[in-house]
Amino acid sequence: MARSPEGPPPPPTVQKLRLRYAKRGPLRFASHRDLARALERALRRSRVPMAYSAGFTPHPKISYVGAAPTGAASEAEYLEIGLAQRRDPEEVRAALDASLPPGIDVLECVEAAEGGGSLADRIDAARWSIELPGIEPAELSAALATFLARDEVTVAKRTKNGLRDVDARGPVASATAGGAAGRAILHVVVRQVTPAVRPDDVVAALAAVADLRPPSPPRAVREAQGRLDDSGTVADPLGPDRAARTRCQGEHAAV
Amino acid sequence: MTGESLYPRLEPLLAQVQKPIQYVGGELNAQVKAWDDVAVHWALMYPDAYEVGLPNQGLMILYEVLNERPDALAERTYAVWPDLAALMRAHGVGQFTVDAHRAVRDFDVLGVSFATELGYTNLLEALDLAGIPLHAVDRDETHPVVVAGGHAAFNPEPIADFVDCAVLGDGEQAVGDVTDVVKAWKESGRPGGREELLARLARVDGVYVPRFHAVSYGPDGAIAAVTRTRDDVPARVGKRTVMDLDEWPYPKTPLVPLAESVHERMSVEIFRGCTRGCRFCQAGMITRPVRERTITGIGSMVDQGLRATGYEEVGLLSLSSADHSEIAQVAKELADRYEGTNTGLSLPSTRVDAFNVTLANELSRNGRRSGLTFAPEGGSERIRRVINKTVSKEDLVRTVTTAYANGWQQVKLYFMCGLPTETDEDVLEIAELAVEVIRAGREASGRKDIRCTVSIGGFVPKPHTPFQWAGQASAETIDHRLRVLRQAINADRRIGRSIGLRYHDGKPGVIEGLLSRGDRRVGRVIERVWREGGRFDGWSEHFSYERWVAAAAEELAPFGVDLDWFTTRERTQDEVLPWDHLDSGLDKEWLWDDWQEALSEEEVADCRWTPCYDCGVCPTMGTEIQIGPTGRSLLPLTVVGH
């Protein structure tokens, strides 16, 4: 016989907004939980009219999609929020961005198109750039050639249940070397699998097959997330919502 | 160049450690000022992990107060975990502040706030990582002045070798005075070097400079005398007291970390001081008199703080929050204001009475009803008279039952064991009480799933309390009593399964006891333990009782004293206590009389309601109790936004 919450049920969700945000600079060391807390507090400070779940401990309606690992920076993190009152997406973006600490930057906000499917369904790959301090681009090129020639490269990965062997080669859709002298950059597109193959795993795989070992820790930036198309491009997951919006506005204009 | 950021060298190390976010700063409401724009640079340290230190109110208050001054800046630093400390040593990166990642070594003042003595080894670790000589005598005028504050500073003797000074009492005004002195000394070309700076600081009200007080010991190992070594510093140092809390509404913009911390809420201090007179409670003794923040002052701090932080919960802090003269109105009007905003209000209170339940009901009407906590502290009525926290068993059971009847499913009861005059029977009454509470609670609420958690820890006698003379119970005694208590609770499974028991074993308390009532000789023990790897002594996974015991045996033997001498030994009335020259305002004779009355189980009244100046604080310190009611009320907030 649980005590039931008094009063009317919370107002329903009337608008869903999808946001892209970046984590930059020192805030790359924030974990997903850290970011989630910061975002929830910023939503309160900026007085975004969030919809809440019903029940005794109401939670604001927020869903996060595939968070970048602690230590990795990102230009392409996504979340979806449910609002109890309609708001202009750009105003929400600006207000939220202003109330977040510098380094968590809200870059885009679009309204989710009706019947357009979930955001998570539009993401199955990520594009990374991984800076390898102390490594020459040519060294990286050679190591990549060895790596890409393999069908499988097993690395030990730390998971919740201890060390686990994963194949770091299979999910890699493409990989190229770039950067400058003494500071090679690995551009890599990785498909989402479980357990996830992350930048550290790819770097570990290069150490395993080609003894490529940067003298100090690599710095990874997730540049994009989305659906990997046949041409090897990672599509913008907010594209369909934006297109629907434009179409919709176009129809209004025509009337 | 001083004031330079260490971040570029720190960053590669952060990729290799646990929870790196705790070292990067950038919290909401954090401040970074330009180094060269100010005369005095303060590094403020909480000597424990970031997650514990960040929410600390004292540090947050001083951080804001100092940063508001145009001629000063303050940055924060916390204890670094061993994984990062090892990397910092390997790469020559010093102890840094999290705000601008400046080297602590570069600051003028390093202020360290000690809520507990178990942070002492972390002080040594931070000094060493910073490249500051461990011993105050080895520092020169280029090193920061190391200042201890917080409750433990009321007996800083165990760390007297490592700190340059200690500030007694409230810090809000004292840090300003210290800043003025440091600034004047620097601007006049540092005359007389470090010695002169410290002499000037020693003349600031509330500032104690241990090096100007010499301690001699008698043949029995006890202190013979403490004498000042300069005529121009006070022989006794008195504490600081902020009299009007409304004038100091800090923190105005509380820090909000990205990392998880131990308190995921903001806090507003609703009053300072407590005159309930619980004899075990050092905080209640050294923070007298009671000074209330007014209801309107509280209202505006809650409003401003929530807007500045986005927190969902506000704690109304004090030593016994239900005692605020206008608490019923504060609770009702705040609950009215925040109705329908998913804002939780909580009131940490130690009172055991029905009024407390009423308040808790009021505060929780907007949101979450977590558990309710009561702190009877002593298991039997007899021992509660000894500690002067009188509540009858009937009242206690009735109060807890009322809570269950009001829909609270989880009640926590706080107790101590090892109190003076305690026997096994006193502790066993806790089990009887818990059983009765569950029986009555099941009946009153008509449900079987109510729970009661008994939380119990060993009592540590503290300086400036009536129990400062008491012999501390040994670790064996504590562990024995906890064992019999557990057996008694588990005796009847049908009831026992509704009762949880949380306890700490007796060993850490013994070391806390050594550090609490120790004198300067204990400094050698602290240093030895630190040299042998002692860090984070407040964390069971890092604390090593054996290391402390071995270090105490070896380092204290040459003085003819030992661990027991400092802990389990009862002191006599004429013994010079290591903190006698530090003045909390409490009259030593009054404390002794109160100790004697404790032994004869006599109670003492609260001076808030029965005028009494016997403890000595108000006459000595020139202070007065400041309480309401003010007759004011909280108006509804103007609705901003939506």
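Rules used throughout
- Within each chain, residue numbers correspond to sequence positions counted from 1 in written order.
- Written order determines the labels here, with chains lettered from A and ligands numbered from 1.
- The model is predicted, so local features are restricted to residues of pLDDT at least 70 and side-chain atom pairs to those at 80 or more, both for listing and for counting; the totals for chains, interfaces and linings are taken over all residues.
- Strands here are runs of E lasting at least two residues and helices are runs of H or I lasting at least four, both read from the DSSP assignment and numbered beginning at the N terminus.
- Working definition of burial: number of other C-beta atoms within 10 Å of the residue's own, with buried at 20 or more, exposed at 12 or fewer, and partly exposed in between, all C-beta atoms being placed from the backbone.
- This entry defines residue contacts through backbone-placed C-beta atoms, with two residues in contact when those atoms are within 7 Å.
- Helix axes use the C-alpha atoms of the stretch in contact, all axes being lines fitted to C-alpha atoms, and the angles between their N-to-C directions lie in the range 0 to 180 degrees.
- The cut-offs work like this: below 35 degrees is roughly parallel, past 145 is roughly antiparallel, 65 to 115 is roughly perpendicular, and the gaps in between are oblique.
- When the near helix sits turned anticlockwise from the far one by under a right angle, the crossing is termed left-handed; a clockwise turn instead gives a right-handed crossing.
- All amino acids are sorted into three groups, where Ala, Val, Leu, Ile, Met, Phe, Trp, Tyr, Cys and Pro are nonpolar, Asp, Glu, Lys and Arg are charged, and the leftover types, Gly among them, are polar.
- Being paired, for any two strands, means DSSP has found at least two bridges between them.
- The start and end points of each domain follow an automatic or database-based domain assignment.
- UniProt positions are given in the numbering used here, feature names are shortened, and annotations may be inferred rather than shown by experiment.
- Each nonpolar core reported here comprises buried Ala, Val, Leu, Ile, Met, Phe, Trp, Tyr and Cys residues connected via C-beta atoms within 7 Å.

A.B. asks: What exactly am I supposed to notice about the overall build of chain A here?
C.D. replies: Scanning chain A from terminus to terminus reveals 5 helices and 10 strands. For chain A, the spread of C-alpha atoms along the three principal axes comes to 65 × 55 × 30 Å. Burial status across chain A gives 39% buried among its 255 residues. Across chain A, the fraction of contacts at a sequence separation of at least 24, relative to all contacts at a separation of at least 6, is 75%.

A.B. asks: Looking at this structure, I do not really get the packing of helix α13 (residues 393-405) of chain B against helix α14 (residues 424-445) of chain B. What am I missing?
C.D. replies: Each pair of packed helices can be summarised by the angle the axes make with each other and by the distance between the axes. Residues and elements named next belong to chain B. For the pair α13 and α14, interaxial distance at closest approach is 8 Å and the crossing angle is 40°. On the basis of the axis angle, α13 is oblique to α14. The hand of the α13/α14 crossing is right-handed. Here K393, L396, V397, V400, T401, Y404 and A405 of α13 lie close against α14, whose contacting residues are L433, E436, V437, A440, G441, A444 and S445. Residue composition of the contact of α13 with α14, by class: 9 nonpolar, 3 polar and 2 charged.

A.B. asks: Please clarify how the sheet that holds strand β13 (residues 313-317) of chain B should be interpreted in this entry.
C.D. replies: All names here are of chain B. Strand order across the open sheet formed by 3 strands is β10-β13-β14, with parallel pairing between neighbours. Either end of the sheet is taken by a strand with one partner, and the two such strands are β10 (266-269) and β14 (344-346). Direction aside, neighbouring strands of the sheet carry axes that sit 20° apart on average. Sheet analysis places β13 next to β14, joined by 3 bridges and oriented parallel. In the sheet register, V314 faces β14, and the bridge partner there is L345.

A.B. asks: How do you make sense of the interface of chain A and chain B when you look at a structure like this?
C.D. replies: Many descriptions give the size of an interface as the accessible area lost when the pieces come together. Counting residues at the interface gives 26 residues for chain A and 23 residues for chain B. A per-class count over the side of chain A that touches chain B returns 12 nonpolar, 7 polar and 7 charged.

A.B. asks: Which parts of the structure should I look at to understand the environment of G616 of chain B?
C.D. replies: Take G616 of chain B: it is sitting in the loop between α21 (588-599) and α22 (617-621). Once the C-alpha coordinates of G616 of chain B and L586 of chain B are considered, the two residues, 30 residues apart in sequence, prove to be 5.2 Å apart.

A.B. asks: Would you explain helix α5 (residues 120-130) of chain B in this entry?
C.D. replies: Residue pairs spaced three or four apart in an α-helix point in one direction, given the helix's 3.6 residues per turn. All names here are of chain B. Among the 11 residues that make up α5, 10 are buried, leaving the element largely enclosed by the rest of the structure. At its buried positions, α5 is contacted by β1 (40-46), α4 (82-91), β3 (109-113), α17 (507-516) and α18 (522-531). Positive backbone phi, at 80°, marks G131, one or two positions downstream of α5.

A.B. asks: Just checking my understanding: could you explain the domain arrangement of chain A for this structure?
C.D. replies: Residue and element names in this part refer to chain A. With domains assigned, chain A is organised as domain 1 (15-121) and domain 2 (123-226). For domain 1 versus domain 2, the separation of C-alpha centres amounts to 28 Å. In this assembly, 12 residues from domain 1 lie in contact with 10 residues from domain 2. The element that contributes the greatest number of residues to the side of domain 1 that touches domain 2 is strand β3 (residues 73-83), accounting for 5 residues. Class assignment for the residues of the side of domain 1 that touches domain 2 results in 9 nonpolar, 2 polar and 1 charged.

A.B. asks: Would you take a moment to explain the UniProt feature "domain: DUF2344" (unreviewed entry) in chain A for this structure?
C.D. replies: Mapped onto this numbering, the UniProt entry annotates "domain: DUF2344" (unreviewed entry) at residues 16-199 of chain A. When the span residues 16-199 of chain A is considered, its composition is 21% helix and 38% strand, and the gap between its end C-alpha atoms is 31 Å.

A.B. asks: Would you mind going over the sheet that holds strand β6 (residues 207-208) of chain B with me for this structure?
C.D. replies: Residue and element names in this part refer to chain B. Pairing is mixed across the open sheet formed by 6 strands, whose spatial order is β2-β1-β3-β4-β5-β6. Whereas interior strands pair on both sides, the edge strands pair on one side only; in this sheet they are β2 (72-78) and β6. Sheet analysis places β1 next to β2, joined by 7 bridges and oriented parallel. Its bridge partner lying in β2, A43 is registered against E75. Lying on the sheet, helix α6 (residues 171-187) is in contact with β1, β2, β3, β4 (145-149), β5 (165-167) and β6; it crosses β1 at an angle near 140°.

A.B. asks: Even after reading the chapter, I still don't get the environment of L501 of chain B, so can you show me in this structure?
C.D. replies: Relative to the helices and strands, L501 of chain B is located in strand β18 (residues 499-503). C-alpha separation for the pair L501 of chain B and R486 of chain B, spaced 15 residues apart in sequence, amounts to 7.3 Å.

A.B. asks: For this particular structure, what's the right way to read the pairing of β3 of chain A?
C.D. replies: Working note: regular strand, side chains alternate between the two faces of the sheet. Residue and element names in this part refer to chain A. Pairing geometry for strand β1 (residues 15-23) and β3, over 8 bridges, is antiparallel. Residue pairing across strands places Q15 opposite L83, the latter belonging to β3. In the sheet, strand β2 (residues 62-65) pairs with β3 via 4 bridges, with the strands oriented antiparallel. Across the sheet, the residue bridging to S63 is E80, located in β3.

A.B. asks: In this structure, what is going on with the pairing of β3 of chain B? I would like to understand it.
C.D. replies: All names here are of chain B. Of all 5 residues making up β3, 5 are buried, and the element is well covered by its neighbours. Here β1 pairs with β3 via 4 bridges, running parallel. Counted as the bridge partner of W42 is V109 from β3. In the sheet, β3 pairs with β4 via 5 bridges, with the strands oriented parallel.

A.B. asks: Can you help me understand the nonpolar core in this one?
C.D. replies: When a protein is soluble and globular, its nonpolar side chains tend to lie buried together. Formed by 220 residues in total, the largest nonpolar core has its most connected members in W42, V147, V163, C165 and A434 of chain B. For this core, the element with the highest residue contribution is α14 of chain B, accounting for 8 residues. Those residues in contact with C165 of chain B, other than ones at most four positions away along the chain, are V145, V147, L198, L201, V207, Y208 and V209 of chain B. Counting residues in hydrophobic clusters, the runner-up holds 38 residues, among them I130, A175, V189 and L212 of chain A.

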